[in-house]
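# Notes for the structure review
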Amino acid sequence: MSEIGFIGLGIMGKPMLRNLRTAGHAIVAYDIVPALLDAVVGDGVGRGTNCKDVASRTDIVFTMLPDGPQVEEAILGPGGVLEGAHNGLVVVDMSSISPVVSQEVAAACAKQGVAFLDAPVSGGEPKAIDGTLAIMVGGEQATFDQVAPLLRLMGSSVILTGAVGAGNVTKLANQIIVACNIAAMSEALVLARQCGVDQEVVFNAIKGGLAGSTVLNAKAPMVIARNFKPGFRIRLHQKDLRNALLTAESKKVALPLTSLVQQMLIALMNQGSGDLDHSALITFIEDMAPKLPVKG
Ligand code: NAD
């Protein structure tokens, strides 16, 4: 069994670590929030004092952090992974970040003989708990072959999509499709409500047709129940669309729909909704509609 490092013990990282541990791997963990570290230490999970310490004690380090700046800090920064790196170390960043940042971090790792994969995930907390995430990987085939058995403990779909950065390009594609789906669903359900047609009836009538989707099945019931508990936070989805737009601009690609939905998410963050589930995007559309008379 390899010694595994795991950095970033938030909504996703904690259950992903748990699945590696359940398979019998010894783990050294670290998070800048001490309470999150305390919650996982014990029973085969050791306490890392910082990212450097984790790297010096392990052969493969996984990171699951919010965005590019945190990944750069944890891997390249003072007390970071590269300061504790040894020859043959493999770093697998599973955060959703800009593919450009993935390539920069991979280049810095390569200078120290450290292999790097970007391996973002789709599926959210329930699939992180079940070990059924979709994992999209960028990097060298040989490194992928080395790490894939571990990734399969966390995900049911593990696919090498290309060179370093390709994993995050694939994740951005995923996030664009999900965001635009939620926006379209929101407009459709607000129209139904304003026309006096029951939203649940509309959902049940269309979910088996061409408009049906995994997004619709997951998010329409939340909207109908007015349950906006995250799930996937509006502020994280805004971050993903910003990374998509920055990446697109670097390639001179126009993404008008992504841009529009990103602006809605920024407005919702300014209204204090940044920590709600991304299905709360419907409240932006609702606020533009005429007020309905209060029942009763
Ligand atoms: P989170 O905010 O719950 O967890 C991130 C953790 O990283 C936090 O515990 C934080 O303390 C820690 N951290 C930040 N900087 C650090 C540093 N320098 N060193 C060590 N630890 C540090 O976020 P999450 O929901 O677990 O998401 C993690 C990543 O996965 C994000 O990129 C997100 O976009 C992506 N993602 C999330 C979901 C989801 O449904 N939550 C789904 C798919 C992908």
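Residues numbered from 1 in each chain as written. Predicted model: local features only at pLDDT ≥ 70, side-chain atom pairs only at ≥ 80, totals over all residues. Heavy atoms only, no water.

### Observations concerning the domain arrangement of the protein
As far as domains go, the protein holds domain 1 (4–163) and domain 2 (169–288). Its C-alpha centre places domain 1 at a distance of 28 Å from the equivalent point of domain 2. Counting residues at the interface gives twelve residues for domain 1 and twelve residues for domain 2. Buried area between domain 1 and domain 2, summed over both chains or domains, comes out near 980 Å², and the portion from carbon and sulfur atoms is 55%. In this structure, the connection of domain 1 to domain 2 is made through one salt bridge. R242 serves as the salt-bridge partner of D67, at 2.9 Å between the closest nitrogen and oxygen. Taken together, domain 1 and domain 2 are joined by six residue pairs in polar contact (both at pLDDT 80 or more). For the side of domain 1 that touches domain 2, the class distribution of residues is seven nonpolar, four polar and one charged. (Domains from an automatic or database assignment. Contact = heavy atoms within 4.5 Å. Buried area = accessible area lost by both parts, 1.4 Å probe. Salt bridge = Lys/Arg side-chain N within 4 Å of Asp/Glu carboxyl O. Polar contact = N/O pair within 3.5 Å; in protein donor to acceptor, adjacent residues only side chain to side chain. Nonpolar A, V, L, I, M, F, W, Y, C, P; charged D, E, K, R; others polar.)

### Concerning the site of the ligand
Around the ligand there are 25 residues in total, and I11, M12, D31, P66 and K239 lie nearest to it. The contact in question runs from an oxygen atom of the ligand to an N or O atom on the backbone of M12, over 2.9 Å. A distance of 3.0 Å is found between an oxygen atom of the ligand and a backbone nitrogen or oxygen belonging to S96. If the ligand stood free it would expose 830 Å²; the protein chains cover 90% of that surface. Elements represented by at least two residues in the shell around the ligand include exactly helix 4 (68–76), helix 6 (124–130) and helix 11 (234–250). When the residues that make up the shell around the ligand are grouped by side-chain class, the tally is 13 nonpolar, seven polar and five charged. Residues from two domains meet in the shell around the ligand; each of domain 1 (4–163) and domain 2 (169–288) gives at least three. (Near = heavy atom within 4 Å. Areas by Shrake-Rupley, 256 points an atom, 1.4 Å probe, with all protein chains shown as cover. Helix = DSSP H or I, 4+ residues; strand = E, 2+ residues; numbered from the N terminus.)

### A word on the pattern of salt bridges
Scanning all chains against the criterion turns up eight salt bridges. A salt bridge links D38 to R47, with the nearest nitrogen and oxygen atoms 2.9 Å apart. Given the relative accessible area of 44%, D38 is considered partly exposed. The class of R47 is partly exposed, set by a relative accessible area of 42%. Shared partners join several salt bridges into a network, and the residues in it are R233, R235 and D275. (Buried < 20%, exposed > 50% of the residue type's maximum accessible area, 1.4 Å probe, protein only.)

### Things to note about the nonpolar core
Grouped together as the largest cluster of nonpolar side chains are 54 residues, with contacts concentrated most on F6, M16, F62, V92, M94, I135 and L151. Among the elements that take part in this core, helix 7 (residues 141–154) stands out by supplying six residues, more than any other. By size, the runner-up hydrophobic cluster in this structure holds 28 residues, among which are L216, L268, I282 and I285. (Core = buried A, V, L, I, M, F, W, Y, C linked by side-chain atoms within 4.5 Å.)

### Describing the environment of I266
For I266, the position within the fold is in helix 12 (residues 256–270). C-alpha separation for the pair I266 and N168, spaced 98 residues apart in sequence, amounts to 22 Å.

### Focus: the packing of helix 9 (residues 199–206) against helix 10 (residues 214–224)
Angle between the axes and distance between the axes: these two values describe a pair of packed helices. Packing of helix 9 against helix 10 leaves a shortest axis separation of 10 Å and a crossing angle of 170 degrees. Compared by their axis directions, helix 9 and helix 10 come out roughly antiparallel. Between helix 9, through Q199, E200, F203 and I206, and helix 10, the contact on the second element is made entirely by L216, N217, A220, P221 and I224. The residue makeup of the contact of helix 9 with helix 10, split by class, is six nonpolar, two polar and one charged. (Axes fitted to C-alpha atoms, helices over the stretch in contact; angles between N-to-C directions. Parallel < 35°, antiparallel > 145°, perpendicular 65-115°, else oblique.)

### Considerations on helix 11
In an α-helix there are 3.6 residues to a turn, and that puts residues three or four apart on one side. For helix 11, built from 17 residues, the straight-helix expectation of 24 Å at 1.5 Å per residue is met to within 8% by its first-to-last C-alpha distance of 24 Å. Of all the residues in helix 11, the buried ones are I234, H237, Q238, K239, D240, L241, N243, A244, T247 and A248. For helix 11, the elements touching its buried residues are helix 5 (99–111), helix 8 (166–194) and helix 12. Downstream of helix 11 by one or two residues, K252 has phi in the positive range, about 60 degrees. (Expected span 1.5 Å × (residues − 1).)

### Remarks on the pairing of strand 6 (residues 115–118)
Sheet topology places strand 5 (residues 90–93) next to strand 6; four bridges connect them, and they run parallel. When the bridges of strand 6 are listed, V92 appears paired with L117. (Pairing = 2+ DSSP bridges.)

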